[in-house]
Amino acid sequence: MSGSLNASSLARLLGAWNVGAAPAYRELADVVRLLVLDGRVALDVALPSERSLAATLGVSRTTVTAAYSLLREQGFLSSGQGSRGRTCIPHHGTRTAGGTRNGGDSASGHGAGTDALSTLSGPPGLAVPDGLLDLAYASLPASGEVVHRAFATALTELPALLPGFGYDALGVGPLRAAIAARYSSEGAPTTADQILVTSGAQHALNIVLRTLAGRADKVLVEHPTYPNALDAIRAAGCRPAPVAMPPDSGWDLDALEAALLQLRPAMAYVVPDFHNPTGRLMSDPQRRRLVRAAAAAGTVLVVDETLRELNLDAASAGRMAAFSSAVVSIGSLSKSHWAGLRTGWIRASEPLIQRFAAARTTMDLGGPVVEQLAAAHLVTALSEPLPARLEALRGNRDALLGLITEHLPTWQTERPDGGLSVWCRLPVPMSTALAVVAPDFGVRLAAGPRFGVGGAFERYVRVPFTLPPEQLETAVLALRGAQDRLERSPQLRRTLPAPPAAAIA
Ligand SMILES: Cc1ncc(COP(=O)(O)O)c(C=O)c1O
């Protein structure tokens, strides 16, 4: 809804904005930007004229002019008519250090209001100048040569399929067989008829939600959890029911069992294999308890195995599907090979797979054939690119943990068993503010609240270790700079809402 804000209302919202830690115009712009992202100043609202705001705040008009120019440059203020620009958030699809970004494992927010708050941590929402280090994505470049080779082979196989229609809601045979063989070799006997190929794990989750969960149904989630899964659950009209993960390690099975029993949710979505964002691996005894509790509650357990291959310490844990045939498993090649393949899958009972295939046709009529042929080779030859990838990731992880200890000693970290990120506890609740100022220091960051519901995790931030150690050092030093800036400007932190008193169980 459009409207306008007069100078005294804005001055009230700004509070004691000018603490002298940075040039006045920059502090003014920063606090206005936080108010917009925070939803305390709505979108499409005309800000006061430069003259009236300058008079009300007792600053020079040049200060307000410069602050407004900066906000325009950053995409938070439209040019508007006359001098009264309207609040907005930056457009999607802007360039990033790594290229054009518009999805994937970012803490990307969408839209306005509460989601605008999270947009500050997500790539699609922010205009990102070249050279920014991107810590908002926990994703890797392709294992290039292997992927290229798989496509070259796929092209030679394509002619045999050209006489067909090319539509296949279940996926091409060789890929389904290759995926099934992998589950079978890991203790979960699986036939190709139990596999549906999707355009990535996110697509898979949407198909599962559409099939198994009705509007207003509860979906149990770990808290924190993968932000795009939360978005999918909400977009399906369902209500995420968060169960807190313990602060230090593992899962709280007592809490999960109690929540399943009390809430009897239609679905539970869990990431037991190198959980995003904590990187934890669920133990076999916990897996056993979880599948039993879900069965007792009549809840479909949906297990996201997207990060399963990123096992940094060679820890062992069985496939969840090996513990119960009722489990619905979601997988992907995005982390083991490349997100650009857009290839994932669902593994479930044959009747459920048929229902998923029927549900998918409202979204798409099947996946692209060449990609699937190539993916079949990648699934079969999975072990080929992984050792080098894991070795590099181990080095990155250890470097990041060391750098944080050295340069950000007030941060608490947990050594992840695998995956791509470290979940850090901050000394004070400042995650959103940190993500807002971090680009000024050269990094982009996913703020903690994107990983939770109800504004939780303002005291946490996810830091991926996908960059090489030299760049991680630059990034950590930048985070130190951003933190120092916030320490000098408490108002930047105070403009944010207080986090909820306790985790939501
Ligand atoms: C837990 C989890 N699920 C799903 C996805 C999305 O995977 P895909 O690229 O296959 O859609 C990610 C990406 O980071 C993830 O971390």
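Structure's up top.
Values in this document were obtained by computation on a predicted structure and should not be read as measured data. (Residues numbered from 1 in each chain as written. Predicted model: local features only at pLDDT ≥ 70, side-chain atom pairs only at ≥ 80, totals over all residues. Heavy atoms only, no water.)

So, on to the overall build of the protein. The secondary structure content of the protein amounts to 17 helices and 15 strands. Here the protein holds 505 residues, and 55% of them are scored as buried. Taking the contacts inside the protein whose residues are at least 6 apart along the sequence as the reference set, 74% of them involve residues at least 24 apart. (Helix = DSSP H or I, 4+ residues; strand = E, 2+ residues; numbered from the N terminus. Buried < 20%, exposed > 50% of the residue type's maximum accessible area, 1.4 Å probe, protein only. Contact = heavy atoms within 4.5 Å.)

Moving on: the packing of aromatic side chains. Evaluated as defined, the whole model comprises 4 aromatic pairs. Judged by centre distance (5.8 Å) and plane angle (80°), the ring pair of Phe457 and Tyr460 falls under edge-to-face. Neither residue differs from the other here; Phe457 and Tyr460 are each classed as buried. A network of ring pairs unites the aromatic residues Trp423, Phe451, Phe457 and Tyr460 as a single cluster. The aromatic ring of Tyr183 is capped on one face by Arg319, whose charged end is 4.3 Å from the ring centroid. (Phe/Tyr/Trp six-rings, centres within 6.5 Å; stacked < 30°, edge-to-face > 60°. Lys NZ or Arg CZ within 6 Å of the ring centre and 35° of its normal.)

Moving on: helix 7 (residues 173-185). If you check helix 7, its first and last C-alpha atoms are 18 Å apart, about what 13 residues at 1.5 Å a residue would give, namely 18 Å. When we look at burial in helix 7, the residues that qualify are Leu175, Arg176, Ala178, Ile179, Ala180, Arg182 and Tyr183. For helix 7, the secondary structure elements touched by its buried residues are strand 6 (195-198), strand 11 (328-332), strand 12 (344-347) and helix 13 (369-380). (Expected span 1.5 Å × (residues − 1).)

It is worth spelling out the sheet that holds strand 12 at this point. Reading across the sheet, the 7 strands line up as 6-12-11-10-9-7-8 and stay open at both edges, with mixed pairing between neighbours. Pairing within the sheet leaves two strands with one partner each, and these edge strands are strand 6 and strand 8 (239-244). Adjacent strand axes in the sheet meet at a mean angle of 20°, parallel and antiparallel pairs treated alike. Relative to strand 11, strand 10 (residues 300-304) is paired through 3 bridges, and the arrangement is parallel. Within the sheet, the bridge partner assigned to Val302 lies in strand 11 and is Val328. Taken strand by strand, helix 9 (residues 227-235) contacts strand 7 (218-223), strand 8 and strand 9 (267-270), and its axis lies near 145° from that of strand 8. (Pairing = 2+ DSSP bridges. Axes fitted to C-alpha atoms, helices over the stretch in contact; angles between N-to-C directions.)

Another point: the nonpolar core. Among the nonpolar cores identified, the biggest contains 43 residues, and Leu400, Trp411, Leu445, Val463 and Leu479 are the most heavily contacted of them. Elements supplying a minimum of two residues to this core: strand 5 (133-135), helix 14 (386-407), strand 13 (421-425), helix 15 (431-437), strand 14 (443-447), strand 15 (460-464) and helix 16 (469-488). Of all hydrophobic cores here, the second largest spans 32 residues; its members include Leu196, Leu209, Tyr269 and Val453. (Core = buried A, V, L, I, M, F, W, Y, C linked by side-chain atoms within 4.5 Å.)

What follows covers helix 4 (residues 61-73). With 13 residues, helix 4 extends 18 Å from end C-alpha to end C-alpha; this agrees with the ideal 18 Å at 1.5 Å per step. What helix 4 keeps buried is the set Thr63, Val64, Ala67, Tyr68, Leu70 and Leu71. For helix 4, the buried positions fall inside an angular range of 160° around the axis, keeping them on one side. Opposite the packed face of helix 4, turned more than 90 degrees from it, sit the exposed residues Thr62 and Glu73. In this structure, the buried side of helix 4 is in contact with helix 2 (24-37) and helix 3 (50-57). Looking at the residues trailing helix 4, positive phi occurs at Gly75, about 85°. (Arc of directions from axis to C-beta.)

Before going further, it helps to examine a nonpolar patch on the surface. On the surface, a cluster of nonpolar side chains totalling about 450 Å² of accessible area is made up of Phe165, Tyr167 and Leu365. Here Tyr167 is to be found in the loop between helix 6 (144-161) and helix 7. (Patch = residues over 30% accessible without salt bridge, like charges linked within 9 Å, V, L, I, M, F, W, Y side chains within 5 Å. Areas by Shrake-Rupley, 256 points an atom, 1.4 Å probe, with all protein chains shown as cover. Salt bridge = Lys/Arg side-chain N within 4 Å of Asp/Glu carboxyl O.)

Let us now look at the packing of helix 1 (residues 7-14) against helix 3. Contact geometry for helix 1 and helix 3: axes closest at 9 Å, N-to-C directions at 50°. When the interaxial angle is binned, helix 1 and helix 3 end up oblique. When you trace helix 1 past helix 3, the crossing you get is right-handed. Contacts from Ala7, Ser8, Leu10, Ala11 and Leu14 in helix 1 reach Ser52, Leu53, Thr56 and Leu57 in helix 3. Here the contact of helix 1 with helix 3 is built from residues that sort into 6 nonpolar, 3 polar and no charged. (Parallel < 35°, antiparallel > 145°, perpendicular 65-115°, else oblique. Left-handed = near helix turned anticlockwise from the far one by under 90°. Nonpolar A, V, L, I, M, F, W, Y, C, P; charged D, E, K, R; others polar.)

Take empty space enclosed by the protein next. Scanning the entire structure with this criterion turns up 3 cavities of 30 Å³ or more. Of the pockets and cavities examined, the largest cavity occupies roughly 60 Å³. In this structure, the largest cavity is lined by 13 residues; those nearest its centre are Arg182, Glu305, Thr306, Glu309 and Ser332. Residues of the lining of the largest cavity, tallied by class, amount to 3 nonpolar, 4 polar and 6 charged. (1 Å grid on protein atoms, 1.4 Å probe; cavity = no way out; pocket = protein on both sides within 12 Å on 5 of 7 lines; lining within 4 Å. Points joined across faces, edges and corners; volume = space filled by probe spheres on them.)

With 5 of 5 residues buried, strand 11 is to be regarded as a mostly interior element. Of the two faces of strand 11, the one lined by Val328, Ile330 and Ser332 and the one lined by Ser329 and Gly331 are each fully buried. Two elements, strand 11 and strand 12, share 4 bridges in a ladder whose sense is antiparallel. Considered in strand 12, the bridge of Ile330 is made with Ile346.

Relative to the elements of secondary structure, Val443 occurs in strand 14. Residue Val443 is classed as buried on the basis of its relative accessible area, which comes to 0%.

Moving on, we get to the pattern of salt bridges. Tallying each qualifying case throughout the model produces 26 salt bridges. With a closest N to O distance of 2.2 Å, Arg485 and Asp30 form a salt bridge. Taken as a pair, Arg485 in helix 16 and Asp30 in helix 2 lie far apart in primary sequence, 455 residues in all. Asp30 shares its class with Arg485; the two are buried. Residues Arg444 and Asp134 are paired through a salt bridge, measuring 2.6 Å at the closest nitrogen-oxygen approach. Taken as a pair, Arg444 in strand 14 and Asp134 in strand 5 lie far apart in primary sequence, 310 residues in all. In terms of burial, Arg444 and Asp134 fall into one category: buried.

Attention now moves to the sheet that holds strand 15. Judged by pairing direction, the sheet is mixed, and its 4 strands sit side by side in the order 5-14-15-13 without closing on themselves. The two strands at the open ends of the sheet, each matched to only one other strand, are strand 5 and strand 13. Between one strand axis and the next, the sheet turns by 30° as a mean value, whatever way the strands run. Those strands touched by helix 16 are strand 5, strand 14 and strand 15, and its axis lies near 80° from that of strand 5.

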